[in-house]
Each structure stands twice: as C-alpha cells, then as structure tokens.
Amino acid sequence: MTNFKLTPQQIADFHRDGYLIVRGLYDSEEVSRLQGKAFNDKSLYNNAWDQKDATGTVSKVSLWQELGDDLYSMFARGRRMVESVEQLLDEPVIHTTTKIMMKEPFVGGAWEWHQDYGYWANDNFHLYPKLVSCMIAINKATEENGCLEVLKGSHHIGRINHSKTGDQKGADMVFVEEALKHHELVKVELDPGDTLFFHCNLLHKSNKNCSSEPRWAMISAYCAESAKSFKENSLKTYPLHKVDDSAILNWKDTAA
C-alpha cells in the first residue's frame, strides 16, 4: 500500500475515539516477511523482559529505541506509518520505542488497565500528551488469545494516576471503574497486517491468553516534536530517517 494517506474522516475518528483501526495496512506478503523474521528471531527471546500481571502471570516484551536497517525498522521508519502519525498529530514526530509483544498460548499474562502517558509523563518527561502508538498484528488477535481492549473516547479524561501492579503500572481503578460507566468497551480483534493507532491517554488493557494460539504484535511509538522529553532520562533520542514503503519487500537479510 504505497502513498498511503489517512482520510479526513479517519483523522476525525481518531480524535473523537482515541484510536483508529486501519484494516490491511500491511498486505499478506509484507506480514509474511514480518512473521518469518519475528517467529525465527532468537534475539527477541534473549532480550525479552518478563512482565508479571497482578496474578503473577507473565507476558514477554522485547523493546528497543534505536532504529536501523533491519526489517522491523523498515516498518517503523516507513512513510506509511510515520506520516500517518504526523497526520494525526499535525506535526513532525520522533520515534521513541519499538517493541514486540509475545503473549504465548495459555501462559501469556494480562496487561492491566493503563494509559501509556500514565508512565511516559513521569518517567520520560513529556510535557504534553502528544504521543501515538501503532500496533501491527503479527498474527490474529482475538478475544480468546487476549486482544487489546480499549475504552472508546477515554483519552478525553486526561491523565490518571498510575501505581505498581505486579511488574506493571496500572491506572487508579477508582477512575477506571467510573470510566467504564461512561465509555464503551471495545475488543480490538485484528487480522495479521491490521494496524491500531491509539492515543497515549486512551485507557486500554488485555486479558490473559486462554487459547492455544499465540498473540504477537509489533508496537512502535512516536512523539510529536513539540512534546519530546524536556529533561534527560533513560529514553534516548535518535534521528528518524523515513524510508519508502517498498523498503519492506526490498529488504534483504544481510546477516543470513
């Protein structure tokens, strides 16, 4: 899907709802390449950190900040993704992190209710909530294997206080329980290649994987130039050099 642009209606939907699902943003050939890379990438497991939920069940996450010439970077640096975020935020953006979420069959743990800005603001010193995460479904995400669940329009609430829940930081449940009375709960079921763009203040969670199928996703996060960290912290800033969308299929594994 070259020269992709979000429509005015999609941009309006994002600002109203706090999220936007673009079906088939990446085609079957592109997703097949991502699957082939991720599912055979031992470094993802070697570099992963375990995140326990409130019950002690574990999900694995492999995260990095610097983009290079690897296949993951061809997605994260691609104009299709980066320029879509720039449309949503109406200004140039910087890349903050990319991660692969690995929720394994039967044992993949839950992610508690939270907002990404709930910890980005305090941990990484972003003054304004001008950050968007982009989640590409590597394989099918269903209610049974613990797909993401969002509270539609909850980004309008603003940042909620967060505290430790297991190894994670969760939103104050007093506010979450009130938000549940006013905002529709949407289960974000995705096919491979579907992509979810979501606002950093959108309340979201996912349940444990109770199925025999894994749920893997690649999530790249971007910050508006006007909201980049104002104080030195663990999050480093690297140049974001866009690549054409053809770079995904043109990519060759030089390490093979």
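Quick note: structure is the one above.
1. A few points about the overall build of the protein chain
Here is step 1: Check the secondary structure of the protein chain and you find 8 helices and 13 strands.
Here is step 2: What you see for the protein chain is a C-alpha radius of gyration of 17 Å, in line with the 18 Å of a compact globule of 256 residues.
Here is step 3: Buried positions account for 55% of the 256 residues belonging to the protein chain.
Here is step 4: For the protein chain, the proportion of contacts with a sequence separation of at least 24, taken over those separated by at least 6, is 87%.
Here is step 5: With an accessible surface of roughly 11800 Å², the protein chain has 51% of that area assigned to carbon and sulfur atoms.
Here is step 6: If you average the places of the 29 positive and of the 36 negative side-chain charges in the protein chain, the two averages end up 3 Å apart.

2. Digging into the pairing of strand β10 (residues 185-188)
Here is step 1: Residues of β10 alternate between two faces, with V186 and V188 buried on one and L185 and K187 left unburied on the opposite face.
Here is step 2: Bridge analysis of strand β7 (residues 148-151) against β10 gives 4 bridges, and the strand direction is antiparallel. When the sheet's bridge partners are listed, V150 is paired in β10 with V186.

3. Quick look at the nonpolar core
Here is step 1: In terms of nonpolar packing, the biggest core is built from 41 residues, with I100, F197 and Y222 touching the most fellow members.
Here is step 2: Formed by 18 residues, the second largest nonpolar core is a distinct cluster that contains V61, V186, V188 and F198.

4. Comments concerning the sheet that holds β10
Here is step 1: Reading across the sheet, the 4 strands line up as β5-β12-β7-β10 and stay open at both edges, with antiparallel pairing between neighbours. For this open sheet the edge positions go to β5 (111-114) and β10, each flanked by a neighbour on one side alone. For this sheet, the mean inter-axis angle between neighbouring strands, taken without regard to orientation, is 20°.

5. Notes on the packing of aromatic side chains
Here is step 1: A full pass over the atoms with the stated rule returns 5 aromatic pairs.
Here is step 2: Relative to F75, the ring of Y26 lies with its centre 5.1 Å away and its plane at 55°, an arrangement referred to as tilted. Placement of the pair is Y26 in the loop between β1 (19-22) and α2 (28-39) and F75 in helix α4 (residues 71-76), with a sequence separation of 49 residues.
Here is step 3: With a relative accessible area of 3%, Y26 lands in the buried category.
Here is step 4: Between F39 and W216 the ring centres are 5.0 Å apart and the planes differ by 75°, which places this aromatic pair in the edge-to-face class. Note that F39 is positioned in helix α2 and W216 in strand β13 (residues 215-224), a separation of 177 residues in sequence.
Here is step 5: Residue classification places F39 among the partly exposed residues on the basis of a relative accessible area of 39%.
Here is step 6: Owing to a relative accessible area of 4%, W216 belongs among the buried residues under this scheme.
Here is step 7: A connected cluster of aromatic rings, assembled from ring pairs, spans F39, Y45 and W216.
Here is step 8: Of note, K130 hangs over the ring of Y128, and the distance from its end group to the ring centre comes to 5.4 Å.

6. Some words on the side chain of E83
Here is step 1: Among the secondary structure elements, E83 is positioned in helix α5 (residues 79-89).
Here is step 2: Not counting the four nearest positions on each side in its chain, E83 is found in contact with K5 and K242.

Rules and cut-offs
Residues numbered from 1 in each chain as written. Predicted model: local features only at pLDDT ≥ 70, side-chain atom pairs only at ≥ 80, totals over all residues. Heavy atoms only, no water. Helix = DSSP H or I, 4+ residues; strand = E, 2+ residues; numbered from the N terminus. Rg over C-alpha atoms; globule rule 2.2 N^0.38 Å. Buried < 20%, exposed > 50% of the residue type's maximum accessible area, 1.4 Å probe, protein only. Contact = heavy atoms within 4.5 Å. Areas by Shrake-Rupley, 256 points an atom, 1.4 Å probe, with all protein chains shown as cover. Lys, Arg positive; Asp, Glu negative; His and termini not counted. Charge placed at Lys NZ, Arg CZ, Asp CG, Glu CD. Pairing = 2+ DSSP bridges. Core = buried A, V, L, I, M, F, W, Y, C linked by side-chain atoms within 4.5 Å. Axes fitted to C-alpha atoms, helices over the stretch in contact; angles between N-to-C directions. Phe/Tyr/Trp six-rings, centres within 6.5 Å; stacked < 30°, edge-to-face > 60°. Lys NZ or Arg CZ within 6 Å of the ring centre and 35° of its normal.

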